[in-house]
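# Coordinates in review
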Amino acid sequence: QVQLVESGGGLVQAGDSLRLSCVASGRTFSTYRMSWFRQAPGKEREFVAGISGSGSSTYYADSVKGRFTISRDNAKNTVSLQMNILKPEDTAVYYCAGRSNSLVHTLKVVGYPYWGQGTQVTVSS
């Protein structure tokens, strides 16, 4: 069992940067794959970026590739999402999610049993 708490959201202008963080409870953080998802109003929740338990493998949605970077610090039980060159279409509630590292990476929402409460990111044009 792991509990996740996100922070770092806010209101920024197009072209700005923002860094989201997600802190996990427990002492086995490295045994979880972690991902960021987002959900815009009226849309389904979608995968943004993912990282393996060790941090050696990362995955990105095409829409954010080259602009967003996911990283983790297992000593601090933290996974982060550095978001650069933000666009209005990046506006959404961002969620971190976890799943056992013994399972393969997945983009599917249903594949993640652990979720944070979300943090709002709003990008104005």
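Our structure is the block above this text.
Residues numbered from 1 in each chain as written. Predicted model: local features only at pLDDT ≥ 70, side-chain atom pairs only at ≥ 80, totals over all residues. Heavy atoms only, no water.

Across its full length, the chain holds zero helices and eleven strands. Listing every helix and strand of the chain by position from the N terminus yields β-β-β-β-β-β-β-β-β-β-β. Relative to its length of 125 residues, the chain is compact, with a C-alpha radius of gyration of 13 Å against a globular reference of 14 Å. Scored against the burial criterion, the 125 residues of the chain give a buried share of 44%. If you take every contact in the chain between residues at least 6 apart in sequence, the share linking residues at least 24 apart comes to 59%. Within the structure as shown, the chain displays about 6,400 Å² of accessible surface, and the carbon and sulfur contribution to it stands at 50%. A gap of 8 Å separates the mean positions of the 13 positive and 8 negative side-chain charges of the chain. (Helix = DSSP H or I, 4+ residues; strand = E, 2+ residues; numbered from the N terminus. Rg over C-alpha atoms; globule rule 2.2 N^0.38 Å. Buried < 20%, exposed > 50% of the residue type's maximum accessible area, 1.4 Å probe, protein only. Contact = heavy atoms within 4.5 Å. Areas by Shrake-Rupley, 256 points an atom, 1.4 Å probe, with all protein chains shown as cover. Lys, Arg positive; Asp, Glu negative; His and termini not counted. Charge placed at Lys NZ, Arg CZ, Asp CG, Glu CD.)

Scanning the entire structure with this criterion turns up one disulfide. A sulfur-sulfur distance of 2.0 Å marks the disulfide that ties Cys22 to Cys96. Handedness here is read from the sign of the S-S torsion; for Cys22 and Cys96, about 45°, the answer is right-handed. Taken together, the positions of Cys22 in strand S3 (residues 18-24) and Cys96 in strand S9 (residues 92-100) put the pair 74 residues apart, joining distant regions of the chain. Cys96 carries the same exposure label as Cys22, and that label is buried. (Disulfide = S-S within 2.5 Å.)

Another point: the pattern of salt bridges. Between side chains of opposite charge, pairing is possible as soon as their charged atoms come close. Taken as a whole and assessed by the stated rule, the structure comprises four salt bridges. A salt bridge links Asp90 to Arg38, with the nearest nitrogen and oxygen atoms 2.9 Å apart. One end of the pair, Asp90, is in the loop between strand S8 (78-83) and S9; the other, Arg38, is in strand S4 (residues 32-39), and 52 residues separate them in sequence. For the residue pair Asp90 and Arg38, the accessibility class agrees, reading buried in each case. For Lys65, the salt bridge is made with Asp62, and the minimal N-O distance between the two is 3.2 Å. Residue Asp62 is classed as exposed on the basis of its relative accessible area of 66%. Through salt bridges that share partners, Arg38, Glu46, Arg67 and Asp90 make up one connected network. (Salt bridge = Lys/Arg side-chain N within 4 Å of Asp/Glu carboxyl O.)

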